[in-house]
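Residue-level structural notes
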Amino acid sequence: MFQNNTLEKFNEEELENKMNELEQLKSELEKETVDKELVIRLLEELIQNYLNKSSAALGNYKDYQPIFNYKKKILQLKKPGSIVPSIVGSSSNHMFMHLCFMLGLHELIIKQNVPYVPNILILDQPSRPYYGDDENRKNTNKSWSKVSQDDKTKITIAFKVLNDFIYHINSEYGKTFQMIIFEHIPESIWKSANLKNVILV
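This report concerns the structure included in the present document. Note that the structure is predicted; figures quoted are calculated from it, not measured.

**Observations regarding the pattern of salt bridges**
Summed over all chains, the structure comprises six salt bridges. Note that Glu44 and Arg41 form a salt bridge whose closest N and O atoms lie 2.9 Å from each other. With Glu44 and Arg41 both in helix H2 (residues 36-53) and three residues apart, the pair spans about one turn of that helix. Measuring nitrogen to oxygen at the nearest pair gives 3.6 Å for the salt bridge that ties Lys154 to Asp150. In this pair, Lys154 and Asp150 are both assigned in helix H4 (residues 149-173), four residues apart and thus about one turn of the helix distant. By relative accessible area, which is 48% here, Asp150 ends up partly exposed. A cluster of three or more residues bridged by salt bridges with shared partners is formed by Glu37, Arg41 and Glu44.

**Comments concerning the nonpolar core**
Phe96, Leu103, Ile155, Phe177, Met179 and Ile185 are the most contacted members of the largest nonpolar core, which totals 45 residues. Take this core: its biggest share by element is ten residues, from helix H3 (residues 91-111). Among residues more than four places away in sequence, those in contact with Met179 are Leu103, Leu121, Leu162, Phe165 and Ile166.

**Remarks on the packing of aromatic side chains**
Note on aromatic pairs: each is described by the distance of the centres and the angle between the planes. Inspection of every chain in the model, using the stated rule, returns five aromatic pairs. On the numbers, 6.5 Å between centres and 80° between planes, the contact of Phe68 with Tyr70 is edge-to-face. The exposure class of Phe68 is buried, given its relative accessible area of 11%. Overall, Tyr70 belongs to the partly exposed group, its relative accessible area being 39%.

**Let's talk about the side chain of Gln48**
Structurally, Gln48 can be placed in helix H2. Assessed through its relative accessible area of 19%, Gln48 is described here as buried. Ignoring any residue separated from it by four or fewer positions in sequence, one finds Gln48 in contact with Tyr64, Gln65 and Pro66.

**Side note on the pairing of strand E3 (residues 120-124)**
A one-sided burial pattern is seen for E3, the buried positions being Leu121 and Leu123 and the unburied ones Ile120, Ile122 and Asp124. Summarising the sheet, E3 and strand E4 (residues 178-182) pair through five bridges and their orientation is parallel. Its bridge partner being in E4, Leu121 is matched across the sheet by Met179.

**Re the packing of H3 against H4**
Packing of H3 against H4 leaves a shortest axis separation of 11 Å and a crossing angle of 5°. Compared by their axis directions, H3 and H4 come out roughly parallel. Of H4, the residues touching H3 (which contributes Ser92, Met95, Phe96, Leu99, Leu103, His106, Glu107, Ile110 and Lys111) are Lys154, Ile157, Ala158, Val161, Leu162, Phe165, His168, Ile169 and Tyr173. For the contact of H3 with H4, a count of residues per class yields twelve nonpolar, three polar and three charged.

**Details of unusual backbone geometry**
Positive phi, close to 55°, is recorded for Lys73, a residue that is not glycine. Its location among the elements puts Lys73 in the loop between strand E1 (65-69) and strand E2 (74-78).

**Digging into H4**
Taking 1.5 Å of rise per residue, 25 residues should cover 36 Å, and H4 covers 36 Å from first to last C-alpha, within 8% of that figure. Among the residues trailing H4, Gly174 stands out with phi positive, at a value near 65°.

**Examining the packing of H2 against H3**
Where H2 contacts H3, the two axes come as close as 8 Å, and the packing angle between them is 130°. Relative to H3, the element H2 is oriented oblique. Two packed elements cross with a definite hand, and for H2 against H3 that hand is right-handed. The segment H2 lies against H3, with Val39, Leu42, Leu43, Leu46, Ile47, Tyr50 and Leu51 engaging Cys100, Phe101, Leu103, Gly104, Leu105, Glu107, Leu108 and Lys111. When grouped by side-chain class, the residues that make up the contact of H2 with H3 number twelve nonpolar, one polar and two charged.

Parameters and conventions
- Residues numbered from 1 in each chain as written.
- Predicted model: local features only at pLDDT ≥ 70, side-chain atom pairs only at ≥ 80, totals over all residues.
- Heavy atoms only, no water.
- Salt bridge = Lys/Arg side-chain N within 4 Å of Asp/Glu carboxyl O.
- Helix = DSSP H or I, 4+ residues; strand = E, 2+ residues; numbered from the N terminus.
- Buried < 20%, exposed > 50% of the residue type's maximum accessible area, 1.4 Å probe, protein only.
- Core = buried A, V, L, I, M, F, W, Y, C linked by side-chain atoms within 4.5 Å.
- Contact = heavy atoms within 4.5 Å.
- Phe/Tyr/Trp six-rings, centres within 6.5 Å; stacked < 30°, edge-to-face > 60°.
- Pairing = 2+ DSSP bridges.
- Axes fitted to C-alpha atoms, helices over the stretch in contact; angles between N-to-C directions.
- Parallel < 35°, antiparallel > 145°, perpendicular 65-115°, else oblique.
- Nonpolar A, V, L, I, M, F, W, Y, C, P; charged D, E, K, R; others polar.
- Expected span 1.5 Å × (residues − 1).
- Left-handed = near helix turned anticlockwise from the far one by under 90°.

Structure below.
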């Protein structure tokens, strides 16, 4: 008669332990899995905060609400009460939408404790929409005295929103954040607005 002593006996207790471990892992996975739509809604809420801070520079769009189109990966604005996003004009509005989106996205990343994205943002000349019309685009060193007061105000608002973002991340989340901004605006913009987080290097 053949006997195989290497066969293990069925251990019901071990099976029970493995099933409990599997249930525990499933439970932990469910906690970690976040509904994509909820994340998008939260992103839109955060963007709305920055749009509100920028409202004086947004003209007709100052009360509009953000819609993040996940499929196209674009930010759109819609009039309150409307279901269709508006077609937003002007490079100034697009620049503010870009800033508000990037700040909202970084705040979402920090809020969710995502370890894969560093707390840094690099911006190249956010004042670009205010330095001349299309004919003068090649001349990016347009004289500051020729920039209208309205445009100077919008540039100041943009830098104030960026400056205040640093304070917000420091106080709300206890995190540091760095921005590197390539610009040629005069120091008077941030000095007269008392923007302490703007440092010329």
